[in-house]
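# Close look at the chain arrangement
The primary structure of each chain is shown beneath.
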Amino acid sequence: MKQVDLYIDDFPEEVQVRLRQVRDTILEAAPGVEETFAYMMPAYRLNGPLVYFAGFGKHIGFYPTPSGIEAFKGEISGYKYAKGSVQFPHNKPLPLDLIRRIVEFRVRENQ
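The structure contained in this document is the topic of the report that follows. Predicted model, so just to flag it, every value in this text is computed and none were measured. (Residues numbered from 1 in each chain as written. Predicted model: local features only at pLDDT ≥ 70, side-chain atom pairs only at ≥ 80, totals over all residues. Heavy atoms only, no water.)

### Considerations on the environment of Ile 76
Structurally, Ile 76 can be placed in helix H4 (residues 73-76). For Ile 76 and Arg 23, which are 53 residues apart along the polypeptide, the C-alpha to C-alpha distance reads 19 Å. Apart from residues no more than four positions distant in its own chain, Ile 76 is found in contact with Ile 69, Tyr 81, Val 86 and Leu 98. (Helix = DSSP H or I, 4+ residues; strand = E, 2+ residues; numbered from the N terminus. Contact = heavy atoms within 4.5 Å.)

Given below as structure tokens:
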């Protein structure tokens, strides 16, 4: 098994489902991306760092670098966010379309 699979398998089933949705969205939005592990979380590289994500007890952390946050600030304003990260709480549906668009933006930046 890949390290990312092992990482996801350490979470409760309902969180595993959400983490896999984030992972699948990233992989679909960034063809040719390298899936790796960095900073103790799944990491994706394409001509340099692209995005990261991590599971937590109450949310999924998504790390699209500061430029990814800045470009989508209006759309993530309903979530807790910081300079390079946004938190998607487990008690709300995942904004998979938003995640996809952020990843696609980051792909364009890295090209």
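That covers the picture; the talk isn't over yet.
### Description of the sheet that holds strand S5 (residues 80-81)
The strand order across the open sheet formed by 6 strands is S1-S2-S3-S4-S6-S5, and the pairing between neighbours is antiparallel. In this open sheet, the two strands that pair with only one neighbour each are strand S1 (34-38) and S5. Where S5 lies against strand S6 (residues 86-89), 2 bridges are found, and the strand directions are antiparallel. Note that in S6 the partner of Tyr 81 across the bridge is Val 86. Its contacts with the sheet place helix H2 (residues 13-29) against S1, strand S2 (41-45), strand S3 (49-55), strand S4 (59-63) and S6, and it is angled at close to 170 degrees to S3. (Pairing = 2+ DSSP bridges. Axes fitted to C-alpha atoms, helices over the stretch in contact; angles between N-to-C directions.)

### Some remarks on the pattern of salt bridges
Note on pairing: side chains with opposite charge can pair once their charged atoms come close. For the structure shown, the criterion picks out 10 salt bridges. Of the charged contacts in the structure, one is a salt bridge between Arg 23 and Asp 5, with a shortest N-O distance of 2.5 Å. On the criterion of sequence distance, the pair formed by Arg 23 in helix H2 and Asp 5 in helix H1 (residues 3-9) is long-range, its members being 18 residues apart. Of the residues examined, Asp 5 reaches a relative accessible area of 21% and is grouped as partly exposed. The shortest N-O distance in the salt bridge between Glu 109 and Arg 106 comes to 2.5 Å. In this pair, Glu 109 and Arg 106 both sit in helix H5 (residues 96-110), 3 residues apart, roughly one turn of the helix. Relative accessible area serves as the criterion here: at 37%, Glu 109 is assigned to the partly exposed category. Owing to a relative accessible area of 5%, Arg 106 belongs among the buried residues under this scheme. (Salt bridge = Lys/Arg side-chain N within 4 Å of Asp/Glu carboxyl O. Buried < 20%, exposed > 50% of the residue type's maximum accessible area, 1.4 Å probe, protein only.)

### Side note on the packing of H2 against H5
Their axes nearest at 9 Å, the elements H2 and H5 cross at an angle of 40 degrees. The angle between H2 and H5 falls in the class oblique. Judged by the twist between their axes, the crossing of H2 over H5 is right-handed. Residues Gln 21, Val 22, Thr 25, Ile 26 and Ala 29 of H2 pack against Leu 96, Ile 99, Arg 100, Val 103, Glu 104 and Val 107 of H5. For the contact of H2 with H5, a count of residues per class yields 7 nonpolar, 2 polar and 2 charged. (Parallel < 35°, antiparallel > 145°, perpendicular 65-115°, else oblique. Left-handed = near helix turned anticlockwise from the far one by under 90°. Nonpolar A, V, L, I, M, F, W, Y, C, P; charged D, E, K, R; others polar.)

This is a description of form; function is not addressed.
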